[in-house]
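In case you want the letters, here they are:
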Amino acid sequence: MEIRELPTIEQYNDFFGYPKPVFPQADVVKTGIHPYPPEERTVNLGFYSIFVKQNKGCYLSYGRTEYDYDEGTIVCTGPNQTITSRPVPGMAPSCVGLLFSPELIAGTQLEKQMSDFGFFSYSSNEALHPSSEEREAILCCMEMIKDELRRPMDKVSRRLIVSHVEVLLNYCLRFYERQFASRSELNRNAVSRFEDLLDEYFKDGKPEENGLPTVSYFADKICLTPNYFGDMVKRETGIGPKELINRKVLAIAKSRMLAPDATVKETALSLGFQYPQHFVRFFKKETGLTPSEFIRTTG
């Protein structure tokens, strides 16, 4: 599979047949009025994109997973992600998209907040499925950005564009929160599965072979990306998955250290710590006591 590297918006527009962007750090593009490649294309983008899919005129894949989207779905991608598009026979894709580069927001408050917008790293089957009103809010933001891009650039142009982008991202964040809520039953099932997998991890002795359990390990088992998985767990439980894992490790550690003849070294290795001193630091951070102090005061 040939992957075309498209680090800039200008290169993207040229590759897909859009006009050259007036402002190199941002653009709003629309399919349906420009030709679209009739064959499958795989690209690696060097910028952020938010597309409102107005029909399902093409199949999209994020890595090896196909997007679960239909008419009106919003698809978000971040820099250095590989996307494959494959046309639907007999149907021209129709969508509106905002493209903006990391350079646009460099040094701004928005740059510091980008970690809040985890949907840029979600895999394709976690696309946003907005209501018609929500979709119109996103399109309105894109239109405001497009209007600003049409104007001659001056000293405040970048500031205004960044402000409009921030509003759009906050709308997306709100709509993703609503989507989490509407999928609460599915989310609860996934959280229960996570708890079961966490129990099994220790019962099956995996720590000694694979080390401490990670968020990525459980996200992969449940077929979700780590960011989406983390948001979902925190929304359902009020606690992030990393903290839940730490609590499980701590509970098992306390139980094992109280067994007759147990040693700190054996306990540490059985839990997946590579070195006993790492376990001691973890335990002291979580409890305020060293393992030895805990044994003396509890045993």
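Above this text you will find the structure in question.
Source: prediction; values computed, not measured.

Colleague: Outline the pattern of salt bridges, listing residues and values.
Modeller: For the structure on display, the rule yields 9 salt bridges. Here R150 makes a salt bridge to D147, at a shortest N to O gap of 2.4 Å. Of this pair, R150 and D147 both sit in helix α4 (residues 132-150), 3 residues apart, which is roughly one turn of that helix. In this structure, R247 and E243 form a salt bridge, with 3.0 Å as the shortest nitrogen-oxygen distance. Highlighted residues: R247 and E243, both in helix α10 (residues 241-257), separated by 4 residues, approximately one helical turn. Because the salt bridges share partners, they merge into one network encompassing E143, D147 and R150.

Colleague: Tell me what's going on with the pairing of strand β2 (residues 26-30), and back it up with residues and numbers.
Modeller: With 4 of its 5 residues buried, β2 lies for the most part within the structure. Where β2 meets strand β9 (residues 95-100), 5 bridges bridge the pair, whose relative direction is antiparallel. Residue pairing across strands places K30 opposite V96, the latter belonging to β9.

Colleague: Quick one: what's the story with helix α9 (residues 226-237), residue by residue and with numbers?
Modeller: If you check α9, its first and last C-alpha atoms are 16 Å apart, about what 12 residues at 1.5 Å a residue would give, namely 16 Å. Along α9, the positions that sit buried rather than exposed are Y228, F229, G230, M232 and V233.

Colleague: Report on the side chain of D27, specifying residues and quantitative values.
Modeller: Along the polypeptide, D27 turns up in strand β2. For the buried residue D27, which engages in no salt bridge, the nearest side chain bearing the opposite charge is K146, 7.9 Å off. Within the structure, D27 has its side chain in polar contact with the side chain of N13 (distance 2.8 Å). Non-local contacts of D27, meaning those with residues more than four positions away in its chain, are made with I9, N13, P19, P21, G97, L98, L99 and L149.

Colleague: So what's going on with α10? Which residues, and what values?
Modeller: Under the 1.5 Å per step criterion, the end-to-end length of α10 is 24 Å for 17 residues, consistent within 8% with the ideal 24 Å. If you check which residues of α10 are buried, you get P241, L244, I245, N246, V249, L250, I252, A253 and M257.

Colleague: Go over the packing of α10 against helix α11 (residues 264-271), please, and point to the residues and values.
Modeller: Where α10 meets α11, the closest approach of the two axes is 10 Å, and the angle between their N-to-C directions is 145°. Between α10 and α11 lies a crossing whose hand is right-handed. Touching V249, I252, A253, R256 and M257 of α10 are T267, S270 and L271, all from α11. Of the residues that constitute the contact of α10 with α11, the class distribution is 5 nonpolar, 2 polar and 1 charged.

Rules of the game
Residues numbered from 1 in each chain as written. Predicted model: local features only at pLDDT ≥ 70, side-chain atom pairs only at ≥ 80, totals over all residues. Heavy atoms only, no water. Salt bridge = Lys/Arg side-chain N within 4 Å of Asp/Glu carboxyl O. Helix = DSSP H or I, 4+ residues; strand = E, 2+ residues; numbered from the N terminus. Buried < 20%, exposed > 50% of the residue type's maximum accessible area, 1.4 Å probe, protein only. Pairing = 2+ DSSP bridges. Expected span 1.5 Å × (residues − 1). Lys, Arg positive; Asp, Glu negative; His and termini not counted. Polar contact = N/O pair within 3.5 Å; in protein donor to acceptor, adjacent residues only side chain to side chain. Contact = heavy atoms within 4.5 Å. Axes fitted to C-alpha atoms, helices over the stretch in contact; angles between N-to-C directions. Left-handed = near helix turned anticlockwise from the far one by under 90°. Nonpolar A, V, L, I, M, F, W, Y, C, P; charged D, E, K, R; others polar.

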